[in-house]
Amino acid sequence: MNLIGRKQEIEILKSAMESNHSEFVVVYGRRRVGKTYLIDEFFNRDYTFYATGVAEKERSYQLKSFETSLRKKYGFEIGHKLKNWFDAFSCLIEYLQDSKVRRDPTTNKRVVFLDELPWFDTPKSDFKAAFDYFWNGFCSKYDDIVLIVCGSATSWIICNLLASTGGFYKRISRRIYIPPFTLKECEQLFTRNNINWTKETVTESYMVFGGIPYYINMLNYRLSLAQNIEYLFFSQNAPLKNELNDLLASLYKNHVKHLKVIKALATNKKIGLTRNDIIKKTKLDGETLTNILLELEDCSFIRKYNNFSHNKTSHIYQLVDPFIYFALDILEGNKITSWMSFINTPRYNAWKGNAFELVCLNNIESMKIALGINKIETDIYSWKSRNSAKGAQIDLLIDRADRLINLCEMKYSDNIFSIDKKYEGELLNKISCFREETKTDKSVQITMVTSKGLQHNSHSEMVLHELILEDLFN
């Protein structure tokens with residue numbers, strides 16, 4: 001297998017193949033994250049049956065694609081044109097019952113992979129009922145079938161499979177969520193693609209593209225990062241100019257509402273918003289908002305956490321996806337027309353500072369390894385003082401089971417970061433307000449996460465832990 005990372009996901013697939021009964025495996029995640037690639041690599045693109053839905057095509061086209069897979073790829077002669085999905089799955093069942101059908105050489109399992117499954121379910125089609133019949137009426141009766149379904153349309157996957165109370169209720173045996181790459185995994189992909197950039201440049205690319213393999217694979221190794229960004233987003237007919245809208249439209253049926261929530265969260269990217277805050281800004285509420293927040297969280301676009309307080313029931317939602325933040329802050333409204341003229345401006349430096357915090361939030365496990373606490377149970381929080389006069393705010397708290405709290409300050413700069421008297425006062429104010437308002441009896445230790453390191457002086461003595469850019473690549 002030519003895979004980077006994905007160790008946990010591979011183990012789940014191995015377990016499904018070694019099972020003594022049929023398995024229904026759902027693989028999901030945001031567009032471009034590498035779902036199909038993972039499955040193809042694991043099975044070496046060798047299935048008992050494979051078919052894929054086609055974006056935005058009517059039922060007749062979807063059935064034709066399914067029929068073509070049966071006829072041309074697997075040599076199954078149907079003898080007629082498929083009339084509906086019950087007909088299609090009946091033919092698939094007949095094919096799978098053939099004694100000569102291809103089986104996995106190690107486990108003897110029959111592996112069926114239906115890619116981009118949500119596209120098969122066109123309006124007013126009988127797909128869901130027929131698919132229900134295929135699994136519950138056929139596959140589940142055997143002990144040697146591994147059915148794998150995959151799709152980027154997260155709302156369809158959640159509503160119709162993962163959260164279904166109908167025919168698929170408790171039928172899903174394994175679910176595999178494919179997350180974006182970590183910084184370390186991105187660096188490995190860059191190396192594989194013959195792009196030998198420094199960790200600083202890899203980090204800046206993460207600020208733009210996040211950990212999405214598809215975007216990284218678009219980068220031209222002959223160009224600098226700045227030249228690549230210029231071409232992909234700002235050139236004439238730029239390939240990724242409208243990617244945010246395309247991304248959300250591929251994932252969610254009513255993506256305009258999702259974008260509305262995302263834009264609301266972007267107004268307070270440091271801490272995030274409560275549900276009531278979101279309701280006020282978007283006028284969305286009830287089950288609609290609940291589902292939108294769930295779907296955004298399931299794609300790692302946002303995170304849900306508790307404000308560090310005695311009340312652990314009030315959730316806060318925060319935008320944490322680097323690419324979406326880049327698209328909204330830089331691309332939205334065509335405010336910037338050239339990346340080359342934008343870099344090294346004050347606004348560019350401000351964007352990098354905010355984006356670096358998102359990089360840290362997406363690589364917290366690496367931070368925990370560097371701090372030597374990866375084996376300790378932890379909770380992740382942000383916090384904002386209720387006292388507006390004091391204005392204390394903490395972007396990242398690592399609350400540890402060993403009764404310590406890492407108060408993390410994340411600072412990106414082109415030079416070694418120096419704490420001056422003013423900033424020292426701000427840090428002291430944060431600790432004071434935090435202790436006073438939360439009444440915590442745990443030890444609070446300041447942790448500085450910087451790009452180039454920390455200058456030691458009389459104002460930095462309160463810092464007990466230092467992390468640098470390299471520590472995010474663990």
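Check the entry above for the structure.
Asks: Give me the lowdown on the overall build of the protein chain, citing residues and values where you can.
Replies: When you go through the protein chain residue by residue, the secondary structure sums to 19 helices and 15 strands. Relative to its length of 474 residues, the protein chain is compact, with a C-alpha radius of gyration of 25 Å against a globular reference of 23 Å. When its C-alpha atoms are laid out on the principal axes, the protein chain stretches across 85 × 50 × 45 Å. The proportion of buried residues among the 474 residues of the protein chain is 54%. Restricting the contact set of the protein chain to residue pairs at least 6 apart, pairs at least 24 apart contribute 69%. Of the roughly 21600 Å² that the protein chain leaves accessible, carbon and sulfur atoms contribute 47%. Seen as two clouds, the 64 positive and the 57 negative side-chain charges of the protein chain have centres 3 Å apart.

Asks: Describe unusual backbone geometry, and please don't skip the residues or the numbers.
Replies: Within the chain, N44 stands out as a residue other than glycine whose phi angle is a positive 55°. A positive phi angle, near 55°, is found at E56, a position not held by glycine. Within the fold, E56 resides in the loop between β2 (49–52) and α3 (59–73).

Asks: Can you lay out the sheet that holds strand β1 (residues 23–28) for me, pointing to particular residues and giving the numbers?
Replies: The strand order across the open sheet formed by five strands is β2-β3-β4-β1-β5, and the pairing between neighbours is parallel. The two strands at the open ends of the sheet, each matched to only one other strand, are β2 and β5 (174–177). Adjacent strand axes in the sheet meet at a mean angle of 15°, parallel and antiparallel pairs treated alike. In this sheet, strand β4 (residues 145–151) lies alongside strand β3 (residues 110–115) in parallel orientation, the contact comprising five bridges. The residue bridging V112 from the neighbouring strand is L147, located in β4. Across the sheet, helix α6 (residues 154–162) is in contact with β1, β4 and β5; its angle to β1 comes to roughly 155°.

Asks: Got a sec to walk through the packing of helix α13 (residues 275–282) against helix α14 (residues 286–298)? Specific residues and values, please.
Replies: With their axes 12 Å apart at the nearest point, α13 and α14 run at an angle of 110° to one another. Between α13 and α14, the angle falls in the class roughly perpendicular. Seen along the crossing, α13 lies across α14 with a hand that is right-handed. For the pair formed by α13 and α14, the contact residues are R275, I278 and I279 on the first element and G286, L289, T290 and L293 on the second. Of the residues that constitute the contact of α13 with α14, the class distribution is four nonpolar, two polar and one charged.

Asks: If you had to explain helix α15 (residues 322–331) to someone new, which residues and values would you point to?
Replies: In an α-helix, one turn spans 3.6 residues; hence positions three or four apart end up facing the same way. α15 sits mainly inside the fold: nine of its 10 residues count as buried. Listed as buried for α15 are P322, F323, I324, Y325, F326, A327, L328, I330 and L331. Capping the start of α15 is the job of one residue whose side-chain oxygen sits 3.2 Å from the backbone nitrogen of F323: D321. Looking one or two residues past α15, G333 carries a phi angle of roughly 75°, positive in sign.

Asks: How would you explain empty space enclosed by the protein if you had to name every residue and give the values?
Replies: By the definition in use, this model includes two cavities of 30 Å³ or more. In this structure, the largest cavity spans a volume of roughly 80 Å³. It is helix α17 (residues 346–361) that contributes the most residues to the lining of the largest cavity, four residues altogether.

Asks: I'd love a proper account of the side chain of E204, names of residues and values included.
Replies: Relative to the elements of secondary structure, E204 occurs in helix α8 (residues 199–209). Residues in contact with E204, not counting those within four places in the same chain, are L225, W339, Y348 and K352.

Asks: How would you explain the sheet that holds strand β9 (residues 378–384) if you had to name every residue and give the values?
Replies: Strand order in the open sheet formed by five strands is β9-β10-β11-β13-β15, with mixed pairing between adjacent strands. Looking along the sheet, the strands with just one partner apiece sit at the ends: β9 and β15 (463–467). The mean inter-strand angle of the sheet, taken between neighbouring strand axes irrespective of direction, is 30°. Of the pairings in the sheet, the one linking strand β13 (residues 443–450) to β15 comprises four bridges and is parallel in character. When the bridges of β15 are listed, I446 appears paired with V463.

Asks: Pulling in residues and values, what's your account of the nonpolar core?
Replies: Within soluble globular proteins, side chains that are nonpolar generally end up buried alongside one another. Among the nonpolar cores identified, the biggest contains 145 residues, and F66, L114, F131, L161 and F233 are the most heavily contacted of them. Once residues lying within four places of it in the same chain are set aside, the contact partners of F66 are F49, A51, L82, W85, A88, F89, L92, L114 and F120.

Asks: Tell me what's going on with the pattern of salt bridges, and back it up with residues and numbers.
Replies: Applying the stated criterion across every chain yields a total of 29 salt bridges. Counted as one network, the salt bridges with shared partners bring together R31, R32 and E243.

Asks: Before we move on, can you summarise the packing of α15 against α17 with the specific residues and values?
Replies: Between α15 and α17, whose axes approach to 10 Å, the crossing angle comes to 160°. Classified by the angle between their axes, α15 and α17 sit roughly antiparallel to one another. The handedness of the crossing between α15 and α17 comes out as right-handed. For the pair α15 and α17, contact is made by P322, Y325, F326, D329 and I330 and by R347, W351, N354, A355 and L358, respectively. In the contact of α15 with α17, the residues fall into seven nonpolar, one polar and two charged.

Analysis parameters
Residues numbered from 1 in each chain as written. Predicted model: local features only at pLDDT ≥ 70, side-chain atom pairs only at ≥ 80, totals over all residues. Heavy atoms only, no water. Helix = DSSP H or I, 4+ residues; strand = E, 2+ residues; numbered from the N terminus. Rg over C-alpha atoms; globule rule 2.2 N^0.38 Å. Buried < 20%, exposed > 50% of the residue type's maximum accessible area, 1.4 Å probe, protein only. Contact = heavy atoms within 4.5 Å. Areas by Shrake-Rupley, 256 points an atom, 1.4 Å probe, with all protein chains shown as cover. Lys, Arg positive; Asp, Glu negative; His and termini not counted. Charge placed at Lys NZ, Arg CZ, Asp CG, Glu CD. Pairing = 2+ DSSP bridges. Axes fitted to C-alpha atoms, helices over the stretch in contact; angles between N-to-C directions. Parallel < 35°, antiparallel > 145°, perpendicular 65-115°, else oblique. Left-handed = near helix turned anticlockwise from the far one by under 90°. Nonpolar A, V, L, I, M, F, W, Y, C, P; charged D, E, K, R; others polar. Polar contact = N/O pair within 3.5 Å; in protein donor to acceptor, adjacent residues only side chain to side chain. 1 Å grid on protein atoms, 1.4 Å probe; cavity = no way out; pocket = protein on both sides within 12 Å on 5 of 7 lines; lining within 4 Å. Points joined across faces, edges and corners; volume = space filled by probe spheres on them. Core = buried A, V, L, I, M, F, W, Y, C linked by side-chain atoms within 4.5 Å. Salt bridge = Lys/Arg side-chain N within 4 Å of Asp/Glu carboxyl O.

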